[in-house]
Each structure stands twice: as structure tokens, then as C-alpha cells.
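Chains, contacts and geometry: an overview
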Amino acid sequence: MFNKKKIILASNSPRRRELLADLDIDFEVMVLQGIDESYPEDLPVDEVAEYISKAKAKAYQDVIADDQLVITADTIVVLGEQVLGKPANREEAVDMLHALSGQTHRVITGVSLTTVERQHTFSVVSEVTFKVLSDEEISYYVDHYKPYDKAGAYGIQEWIGYVGVTGLKGSYFNVMGLPVQRIYQELMNF
């Protein structure tokens, strides 16, 4: 179905690779190092994921061929108006999970589909509700799963998702890091 362009996934994430592969789409992985993922402090939180996705895509514009389409993505966790990124250490991970405990937050993934000729960017929002997590549950999860590569310090597909998530509105796969249903739809329209 997608024979017109060779699809490139620009991501180190094993979860994103697995999710895209499950769409039965042929793709290659290409990862450039040193891409700046910072964003202006005054940028509205709803625009952060798309902003970073576009910044990632811009880094690939000089290296992609005419027959390639690059998929870049960035997932953020938003609690109120605060963006929770990837925790730098155990203390930050524990603090993030305490903040999310008993709350509903948004997970926003910005995705850019980029070719030499054009770019299309969109975002998908899901709402996740956690039960009140005990100190023991938070410590167990952080110590056993070390969620330092995950926005908001958790993976919904891991133990903490099994025992802590009490509600989900929107795409489960978006919370994992790649809204595959929407990507499929956008690729069909691209």
C-alpha cells in the first residue's frame, strides 16, 4: 500500500519500532545523533510535541532521498500545564510518579511525516488516570523498571500500567509513544 516512498522511522525507541512493524509496513530505522529537543519556554504545552517532532524532522531534510518519507515523533506527558519529560534520575522518576498519582494527565504525541517535497504534522492526545499510588508501588516500579527513558517516568505497557491505570480516554498506543491508527490513516492520505 505504501510502495511510493521508502519509509524511514527516525527513532531509537524499541516501542515505536514494534508498533510501526505491527502495521505490516516495511520501514528502515535511521537515527541521527545530537538533535536539539528543547523548546521555547513560552510555547503552549499543547504545541510542544509537534514543535519537537518538526525539529527532529528538520534534522533529516538534508539526508533523505527523493523516494523516502521520514516519520519523526515526540511524546510528552502533561499534568495541568506542566510538561513532564524523561526523568534524569531515580529521585525525579519518583517525584513524577507521586505527581501523577491519583490524577488524570494528558499524553500528547506529535508526529511529522516528511519528504523532500512536503511535511505534514499532527498530534494525538490521550487522557490517562492513575489510582493513588503507594510509596511502595512507586519505589518498586522505579527500582525494577528504571523508567528513565520514558516521558512522565512510566510505560503504560509495564507493571505500573497494569496496577495503576484506572482510566484511559483515547489511544492506548499513543500513550506507548506512537499513535499507529492515526499514522496509518495519515500515510494513506499522504
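Scroll up for the structure.
Residues numbered from 1 in each chain as written. Predicted model: local features only at pLDDT ≥ 70, side-chain atom pairs only at ≥ 80, totals over all residues. Heavy atoms only, no water.

1. A short note on the overall build of the protein
What the protein contains, in helices and strands, is seven helices and seven strands. In sequence order, the secondary structure elements of the protein are arranged as β-α-β-α-β-β-α-β-β-α-α-β-α-α. Over its C-alpha trace the protein gives a radius of gyration of 17 Å, about what one expects of a compact globule, namely 16 Å for 190 residues. When its C-alpha atoms are laid out on the principal axes, the protein stretches across 50 × 35 × 25 Å. Within the protein, counting contacts between residues at least 6 apart in sequence, those at least 24 apart form 67% of the total. When the accessible surface of the protein is totalled, it reaches about 9700 Å², and 47% of it is carbon and sulfur. (Helix = DSSP H or I, 4+ residues; strand = E, 2+ residues; numbered from the N terminus. Rg over C-alpha atoms; globule rule 2.2 N^0.38 Å. Contact = heavy atoms within 4.5 Å. Areas by Shrake-Rupley, 256 points an atom, 1.4 Å probe, with all protein chains shown as cover.)

2. Considering the environment of Tyr-145
With respect to the helices and strands, Tyr-145 occurs in helix H4 (residues 135-145). For the pair Tyr-145 and Pro-14, spaced 131 residues apart in the sequence, the C-alpha separation amounts to 15 Å. Sequence-distant contacts of Tyr-145, defined by excluding residues within four places in its chain, comprise Tyr-140, Glu-158 and Trp-159.

3. Observations concerning unusual backbone geometry
Despite not being glycine, Asp-24 shows a phi value in the positive range, around 60 degrees. Topologically, Asp-24 is positioned in the loop between helix H1 (14-21) and strand S2 (27-29). With a relative accessible area of 71%, Asp-24 lands in the exposed category. Although it is not a glycine, Lys-146 sits at a positive phi angle of roughly 45 degrees. With respect to the helices and strands, Lys-146 occurs in the loop between H4 and helix H5 (159-164). (Buried < 20%, exposed > 50% of the residue type's maximum accessible area, 1.4 Å probe, protein only.)

4. Regarding the pattern of salt bridges
Enumeration over the complete set of coordinates arrives at 11 salt bridges. Note that Lys-131 and Glu-137 form a salt bridge whose closest N and O atoms lie 2.8 Å from each other. Of the residues examined, Lys-131 reaches a relative accessible area of 27% and is grouped as partly exposed. What makes Glu-137 buried here is its relative accessible area of 17%. Glu-186 is the salt-bridge partner of Arg-182, the closest N and O atoms lying 2.7 Å from each other. Linking Arg-182 with Glu-186, this pair stays in helix H7 (residues 180-189), spanning four residues, or about one helical turn. Note on Arg-182: relative accessible area 26%, which makes it partly exposed. On the basis of relative accessible area, Glu-186 is assigned to the buried category, the value being 10%. (Salt bridge = Lys/Arg side-chain N within 4 Å of Asp/Glu carboxyl O.)

5. As for the pairing of strand S3 (residues 68-79)
Counting buried residues in S3 gives 12 out of 12 residues, a clear majority hidden from the surface. In S3, alternate side chains face the same way, and those of Gln-68, Val-70, Thr-72, Asp-74, Ile-76 and Val-78 on one face and Leu-69, Ile-71, Ala-73, Thr-75, Val-77 and Leu-79 on the other are all buried. When strand S1 (residues 6-9) meets S3, the two strands line up parallel, connected through four bridges. In the strand pairing of S3, Ile-8 is matched with Val-70. Sheet analysis places S3 next to strand S5 (residues 104-114), joined by nine bridges and oriented antiparallel. (Pairing = 2+ DSSP bridges.)

Nothing here speaks to function; it is geometry throughout.
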